[in-house]
Amino acid sequence: MPNNSANWFKQVAQRAEGLGQQRLRVGVTGLSGAGKTTFITSLINQLENHNKGLLSRRAPFDRLESVRWQRDNVERAFPYLESLGALSAQPARWPDSTSDLSRVVIDLRFRPQGLLRKLQSTRQLRLEIIDYPGEWLLDLPLLQLDYGQWCEQMRQWLEAEPRRSLAGPLRDTLLGLDPAAPVDAVQLVDLTEQWRQFLLRCRSEAGLSRNQPARFLQPGSDVAPQMLQFVPLLLANRHSAGEQGSWWAECQARFNYYRDFVVRGFFEQHFRHLDQQVLLVDMLGPMDAGEAALNDLRDAMEAVLASFDYGRSGLLARLLRFRPRIGRLAFCATKVDKVNPAQQRAVQQCLEDLMVDRLADVRHGGVEVRGLPLSAIRATRQEGDALVAGLQGEEGWVRYRPGDIPAHLPQSLQVSSPDLLPLRPPPGLHRSEPFPHYRMDDLIAWLIEGAEP
Ligand SMILES: Nc1nc2c(ncn2[C@@H]2O[C@H](COP(=O)(O)OP(=O)(O)OP(=O)(O)O)[C@@H](O)[C@H]2O)c(=O)[nH]1
Ligand SMILES: [Mg+2]
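The rules behind each value
Residues numbered from 1 in each chain as written. Chains lettered and ligands numbered in written order. Predicted model: local features only at pLDDT ≥ 70, side-chain atom pairs only at ≥ 80, totals over all residues. Heavy atoms only, no water. Pairing = 2+ DSSP bridges. Helix = DSSP H or I, 4+ residues; strand = E, 2+ residues; numbered from the N terminus. Axes fitted to C-alpha atoms, helices over the stretch in contact; angles between N-to-C directions. Donors = N, O, S within 2.8 Å, 3.2 Å for Na, K, Ca; no water. Buried < 20%, exposed > 50% of the residue type's maximum accessible area, 1.4 Å probe, protein only. Parallel < 35°, antiparallel > 145°, perpendicular 65-115°, else oblique. Contact = heavy atoms within 4.5 Å. Nonpolar A, V, L, I, M, F, W, Y, C, P; charged D, E, K, R; others polar. Salt bridge = Lys/Arg side-chain N within 4 Å of Asp/Glu carboxyl O. Domains from an automatic or database assignment. Buried area = accessible area lost by both parts, 1.4 Å probe. Polar contact = N/O pair within 3.5 Å; in protein donor to acceptor, adjacent residues only side chain to side chain. Near = heavy atom within 4 Å. Areas by Shrake-Rupley, 256 points an atom, 1.4 Å probe, with all protein chains shown as cover. Arc of directions from axis to C-beta. Phe/Tyr/Trp six-rings, centres within 6.5 Å; stacked < 30°, edge-to-face > 60°. Lys NZ or Arg CZ within 6 Å of the ring centre and 35° of its normal. Core = buried A, V, L, I, M, F, W, Y, C linked by side-chain atoms within 4.5 Å.

**So, the sheet that holds strand β10 (residues 398-400)**
Within the open sheet, the three strands sit side by side as β8-β9-β10. Their pairing is antiparallel. What marks the edges here is a single partner per strand, and that holds for β8 (381-383) and β10. Across this sheet, the average inter-strand angle for adjacent strands is 30 degrees, counted without regard to direction. Note: β8 against strand β9 (residues 386-389), three bridges, orientation antiparallel. Looking at the pairing, Gln 382 lines up with Leu 387 of β9.

**Description of the coordination of the magnesium ion (ligand 2)**
The coordination sphere of the magnesium ion (ligand 2), as far as protein atoms go, consists of Thr 37 (OG1) and Thr 98 (OG1), spread over 2.1 Å. Within this pair, whereas Thr 37 is found in helix α2 (residues 36-48), its partner Thr 98 is found in the loop between α3 (80-87) and β3 (102-110), the two being separated by 61 residues in sequence. When its relative accessible area of 10% is taken as the criterion, Thr 37 is described as buried.

**Focus on the packing of α2 against helix α15 (residues 440-449)**
One way to put it is that α2 packs onto α15 with a least axis distance of 11 Å and a crossing angle of 80 degrees. Taken together, α2 and α15 sit at an angle that is classed as roughly perpendicular. Touching Phe 39, Ser 42, Leu 43, Gln 46 and Leu 47 of α2 are Met 440, Leu 443 and Ile 444, all from α15. Its residues placed into classes, the contact of α2 with α15 shows six nonpolar, two polar and no charged.

**Considerations on the pattern of salt bridges**
The full count for this structure, using the stated rule, is 26 salt bridges. A salt bridge links Asp 107 to Arg 126; its shortest N-O distance comes to 2.8 Å. Separated by 19 residues along the polypeptide, Asp 107 in strand β3 and Arg 126 in strand β4 (residues 123-133) bring together distant segments of the chain. On the basis of relative accessible area, Arg 126 is assigned to the partly exposed category, the value being 28%. Here the salt bridges do not stand alone but share partners, grouping Arg 23, Arg 25, Arg 103 and Glu 128 into one network.

**Let's talk about the domain arrangement of the protein chain**
Taken as a whole, the protein chain is organised into domain 1 (23-136 + 274-449) and domain 2 (142-269). Here the C-alpha centroids of domain 1 and domain 2 sit 33 Å apart. Taken together, the contact between domain 1 and domain 2 spans 19 residues of the former and 18 residues of the latter. Per-residue buried area on domain 1 facing domain 2 is highest for Trp 136, Asp 296 and Leu 319; these three make up 35% of the total on that side. Inspection of the domain 1/domain 2 interface yields one salt bridge. Here Arg 210 ties to Asp 299 by a salt bridge, and the two come within 3.7 Å at their closest N and O atoms. Between the two partners, domain 1 and domain 2, sit three residue pairs in polar contact (both at pLDDT 80 or more).

**Topic: the site of ligand 1**
Close to ligand 1 lie 18 residues, the nearest being Lys 36, Thr 37, Thr 38, Ser 97 and Thr 98. Side-chain polar atom of Lys 36 to an oxygen atom of ligand 1: 2.8 Å apart, as the coordinates give it. Within the contact set of ligand 1, an oxygen atom lies 2.5 Å away from a side-chain nitrogen or oxygen of Ser 97. Starting from 650 Å² of accessible surface for ligand 1 in isolation, the protein chains cover 89%. Looking at side-chain class alone, the shell around ligand 1 contains six nonpolar, eight polar and four charged residues.

**Looking at the pairing of strand β6 (residues 328-333)**
Of all six residues in β6, six are buried, a share of seventy percent or more. With burial as the criterion, each face of β6 is covered, one bearing Arg 328, Ala 330 and Cys 332 and the other bearing Leu 329, Phe 331 and Ala 333. Pairing geometry for strand β5 (residues 276-281) and β6, over six bridges, is parallel. Note that in β6 the partner of Gln 276 across the bridge is Arg 328. In the sheet, β6 pairs with strand β7 (residues 368-371) via four bridges, with the strands oriented parallel. Residue pairing in the sheet places Phe 331 in a bridge with Gly 371 of β7.

**Let's talk about α3**
Those residues of α3 that sit buried are Tyr 80, Ser 83, Leu 84, Ala 86 and Leu 87. One side of α3 carries all its buried residues, which in axial view fall inside an arc of 160 degrees.

**Structural notes on the packing of aromatic side chains**
This model, assessed by the stated rule, comprises 17 aromatic pairs. With 5.4 Å between their ring centres and 85 degrees between their planes, Trp 136 and Phe 266 make a pair best called edge-to-face. Here Trp 136, found in the loop between β4 and α5 (147-159), pairs with Phe 266, found in helix α9 (residues 247-269); they are 130 residues apart in sequence, far enough to count as distant. Each member of the aromatic cluster is reached from another via a ring pair, and the members are Tyr 147, Trp 150, Phe 216, Phe 230, Trp 248, Phe 255 and Tyr 258. Above the ring of Trp 157, the side-chain terminus of Arg 210 is found at 5.3 Å from the ring centroid. The ring centre of Phe 322 lies 4.4 Å from the NZ or CZ of Arg 272, which sits over that ring.

**Looking at the packing of α2 against α3**
Between α2 and α3, the shortest axis-to-axis distance is 10 Å and the interhelical angle comes to 95 degrees. It follows that α2 is roughly perpendicular to α3 by the angle criterion. On α3, the residues touching Thr 37, Thr 41, Ile 44, Asn 45 and Glu 48 of α2 are Tyr 80, Ser 83, Leu 84 and Leu 87. Per-class residue counts for the contact of α2 with α3 are four nonpolar, four polar and one charged.

**Looking at the nonpolar core**
Within the largest apolar cluster, 88 residues are counted, with the highest numbers of intra-cluster contacts made by Tyr 132, Trp 195, Met 283, Phe 308 and Phe 331. For this core, the leading source of residues is α9, giving nine residues. In this structure, this core is formed jointly by two domains, domain 1 (23-136 + 274-449) and domain 2 (142-269), each of which donates at least three residues. Ignoring sequence-local partners within four residues, the contact set of Phe 308 consists of Tyr 132, Leu 137, Phe 271, Gln 277, Leu 316, Ile 326, Leu 329, Val 362 and Val 367. Counting 42 residues, the second largest nonpolar core, distinct from the first, contains Phe 39, Leu 47, Leu 280 and Leu 447.

This is the structure we're talking about:
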């Protein structure tokens, strides 16, 4: 049957061709300061040095022939060189804080294996990484609210402490505005700025994470500032109305734009295309800050994880009008080099204890979840049961015992915290050597494995 076998070879060859070019889009997110920029910098560095570090010993990286990070023609490119510059400076610095979405494109070329070897010389995987502020996901609930309902919700939030005190006289001013009265454009600009300052205080003074609208604090470059001028009118409700030119009409129009274009736009343009997601969480900071910070972290992460919960009779698909397709979620406690290696799993365990119900929901909705305690760049070295590291802004080294992490998070959320010092990055980091880390290789392998190169 020569004809049949020719067909068969043709089919296999076509399949090999199709497989030859694959694409994997990975989202990386976390609340501000979670460690996103450092993580992505280390990830590119580990891939660029795949033949030297821990990656070289594991499949499929033993078949990895070349890695090319794309410098040109990438829209909103991730600041890789700037981050490397800071990390390899003397003294070394952490990369600057970022507040916008950014993208990385890396092409990986693998030697094919088995039968495909004869049909095709190489296999390519295009890895796209999207770094975006986790706070943007906290706007998801806005998709189910109209402006009047949002005003009602903000009124409730501002009635309770600590927001009531943090809002101070702004609450009285907003309560004094008649939604149907003609808008005062100058006052609206002023009130918007006051609302932003209030959100900043919520974040920095009370450690609150649910600060709406999220783009007031992390606007991103795709939103015109004048579109971010609206405030909740605390006397308004879902039945309110107002003629053109009223406070109501003006604020409602901008709220609708924010909800329908800014929030929905992010989910439709970026989020919907993600195949996999890495969610980074700084668990050590809140453990150090205490019960209130842990409570708030739980609230915020529950809101973030709602974006990956595909169960619950398709609520997410209804809100977004499309079915998200994230298949794998890596849920990682970051910066675990700050505790003893033997305690790193406990940090991850405490994080998973905090989120236990929501993680179960995400898994139940069909997403594969893996938890890994990570350090993108190891700033400490172990000596006996002590750690040795350098402190930011100082020379020389300190030797210290960071203290214990409980095996599980107590229900009361009362934990004795480890000693957290402001560490500087280790010296001698260079682009051409793999950065020291914990478990970056496990994570990268898990992500790539999902694409089966
Ligand atoms: N010891 C240690 N510290 C880290 C590590 N990764 C991040 N950090 C610390 O955490 C800080 C924040 O890290 P970034 O990578 O800037 O975090 P980010 O999530 O990009 O922060 P924003 O851009 O501000 O949202 C850094 O300045 C470091 O102080 C790590 O692997 N080990
Ligand atoms: Mg950043």
